[in-house]
Amino acid sequence: MRNIALFLTYVGTAYHGWQVQKNNITVGETLEKACARVVGHRVHVTGCGRTDAGVHALRYVANFRTESSIPVDRIPYALNTHLPQDIVITDAREMPDSFNAIGSCVKKEYTYLIYNSRIRDPFYVNRAWFYPKHLDETIMQAAADQFVGTHDFAAVRSVGTEVKSTIRTVHYYTVERENELIRLKVCANGFLYNMARAMAGTLVWAAEGKIRPEELGAILESGDRTAAGPTVPPGGLYMTQLWYETPEVSFHVE
């Protein structure tokens, strides 16, 4: 049985996230159907994360197992003929049996885009959050710095998938402005449900003066979701980088 890793990129606007669901179209289900047509049997595709409805991925990794002998370098071309235009396979690699797209992932980076202008740009609809009130990126960076390190992030997650622990390690959180576009980049060893979007909303609250950056430590310690900022819309969120470590293979997807 071969273990095939797929590297893909997708626009999530038309999908109800990654995870297969009974009554909604998802990225995972769409990919599973395409894989089945290519290898000639049903497959289960494991994704590197459960992206929410409307969330995008510039970089994403999934894996599935097959007895098909199709050459691995032909798999992207074969799959892309069976996939809609908003999902594209960029590469495929044969992996050791121990590789798992989610279990072998040791770090992830998400990027959140805010279009910060008084006048919206139609080309960023469902691609960035339009926010007309000016945001001070210096204040946002000061707040973002408080998230770095190992903390209990219960205060910035939504009730959803049950987890054993809400403690995570954030390796970096940067705020960059390029004209009207603000990029929030956060890298962690894992993310709780809606954590990246709640963190972004908290930075916006800090820029509005509703929270002082130095108060974020106490908010995290409290675990009180109502004390942090709102969960911002999904259309501005992208999975952008992934890091993998297994006994047999190590790589970085950027």
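Before reading on, note that the structure itself is shown above.
Keep in mind that what you see is a predicted model, and the values were worked out from it rather than measured.

### Some thoughts on the nonpolar core
Generally speaking, nonpolar side chains in soluble globular proteins are found buried as a group.
So, point 1. Ranked by internal contacts, the top residues of the largest apolar core, which has 78 residues, are Leu6, Leu8, Leu31, Ile114, Met140 and Leu184.
So, point 2. The element contributing the most residues to this core is helix α4 (residues 195-208), with 9 residues.
So, point 3. In this structure, Leu184 is in contact with Tyr110, Thr111, Tyr112, Ile114, Met140, Tyr173, Thr174, Val175, Ala200 and Leu203, ignoring residues within four places of it in sequence.
So, point 4. In terms of nonpolar packing, the next biggest core, distinct from the first, is built from 5 residues, Leu113, Ala128, Leu181 and Tyr238 among them.

### Considering the pattern of salt bridges
So, point 1. For the structure on display, the rule yields 10 salt bridges.
So, point 2. Taking the shortest distance from any N to any O, the salt bridge between Asp91 and Arg93 comes out at 3.3 Å.
So, point 3. The partner of Lys210 in a salt bridge is Glu208, and the shortest N-O contact between them spans 3.1 Å.
So, point 4. Glu208 gets classed as partly exposed once you look at its relative accessible area, which sits at 23%.
So, point 5. Counted as one network, the salt bridges with shared partners bring together Arg212, Glu214 and Glu215.

### So, the side chain of Thr46
So, point 1. The residue Thr46 is located in strand β2 (residues 46-47) in this model.
So, point 2. Setting aside residues no more than four positions away along its own chain, Thr46 makes contact with Trp18, Val61, Ala62, Asn63, Asn100, Ala101 and Ile102.

### Thoughts on unusual backbone geometry
So, point 1. Of note in this structure, Asn179 is not a glycine but carries a positive phi near 55°.
So, point 2. Relative to the elements of secondary structure, Asn179 occurs in the loop between β8 (167-178) and β9 (181-188).
So, point 3. With relative accessibility at 61%, the residue Asn179 sits in the exposed group.
So, point 4. A positive phi angle, near 65°, is found at Asn194, a position not held by glycine.
So, point 5. Inspection of the secondary structure puts Asn194 in the loop between β9 and α4.

### Quick word on α4
So, point 1. Taking 1.5 Å per residue, 14 residues should reach 20 Å; α4 reaches 20 Å between its end C-alpha atoms and fits that length.
So, point 2. In terms of residue burial, α4 counts as a mostly covered element, since 12 of its 14 residues are buried.
So, point 3. Turning to α4, its buried residues number three or more, namely Met195, Ala196, Arg197, Ala198, Met199, Ala200, Gly201, Thr202, Leu203, Val204, Ala206 and Ala207.
So, point 4. Remark: Gly209 follows α4 within two positions and exhibits a positive phi of approximately 85°.

### Examining the environment of Pro213
So, point 1. For Pro213, the position within the fold is in the loop between α4 and α5 (216-222).
So, point 2. Setting aside chain neighbours within four positions, we find Pro213 in contact with Ile139, Ala142, Ala143 and Gln146.

### Comments concerning the packing of aromatic side chains
So, point 1. Here the structure, examined in full by the defined rule, presents 11 aromatic pairs.
So, point 2. With 5.3 Å between their ring centres and 45° between their planes, Phe99 and Tyr244 make a pair best called tilted. You can see Phe99 sitting in the loop between β4 (87-95) and β5 (105-115) and its partner Tyr244 sitting in strand β10 (residues 237-245), a full 145 residues away along the chain.
So, point 3. The class of Tyr244 is buried, set by a relative accessible area of 1%.
So, point 4. Taking the centre distance of 6.0 Å and the plane angle of 25° together, the rings of Phe147 and Tyr173 count as stacked. Placement of Phe147 in the loop between α3 (137-145) and β7 (149-152) and of Tyr173 in strand β8 is noted, with a sequence separation of 26 residues between them. The pair Phe147 / Tyr173 is uniform in exposure class, with both members buried.

### Thoughts on α3
So, point 1. Among the residues of α3, Met140, Ala143 and Ala144 are the ones counted as buried. Summarising the axial view, the buried residues of α3 lie within an arc of 100°, below the 170-degree limit, and thus occupy one face.
So, point 2. Packed against the buried residues of α3 are β5, β8, β9, α4 and α5.
So, point 3. Two or three places before Thr138, at the opening of α3, Asp136 has a side-chain oxygen 2.8 Å from that residue's backbone nitrogen.

Parameters and conventions
Starting afresh in each chain, residues are numbered from 1 along the sequence in its written order. For a predicted model such as this one, the threshold for reporting local features is a pLDDT of at least 70, and the threshold for listing and counting side-chain atom pairs is 80 or more; totals across whole chains, interfaces and linings nevertheless cover every residue. With hydrogens and water stripped out, all remaining heavy atoms of the structure feed into the side-chain values. To define a nonpolar core, start from buried Ala, Val, Leu, Ile, Met, Phe, Trp, Tyr and Cys residues and group those joined through side-chain atoms within 4.5 Å. Exposed residues in this analysis have more than 50% of their type's maximum accessible area, buried residues have under 20%, and partly exposed residues fall in between, with area computed by a 1.4 Å probe over protein chains only. Helix numbering and strand numbering both begin at the N terminus, where a helix is a DSSP run of H or I of at least 4 residues and a strand a DSSP run of E of at least 2. Whether two residues touch is decided by their heavy atoms; if any such pair falls within 4.5 Å, the residues are in contact. Salt bridges are identified by distance alone: a Lys or Arg side-chain nitrogen within 4 Å of an Asp or Glu carboxyl oxygen. The span expected for a helix works out to 1.5 Å for each residue beyond the first. Stacked, tilted and edge-to-face are the three classes assigned to paired rings of Phe, Tyr and Trp, where Trp is represented by its six-membered ring and a pair needs centres within 6.5 Å; plane angles under 30 degrees give stacked, over 60 edge-to-face, the rest tilted. For this quantity, the arc is that covered by the directions from the helix axis to the C-beta atoms. Counted as a polar contact is a pair of N or O atoms within 3.5 Å, where, for protein atoms, one must be capable of donating a hydrogen and the other of accepting one, and residues adjacent in sequence contribute only when both atoms are in side chains.

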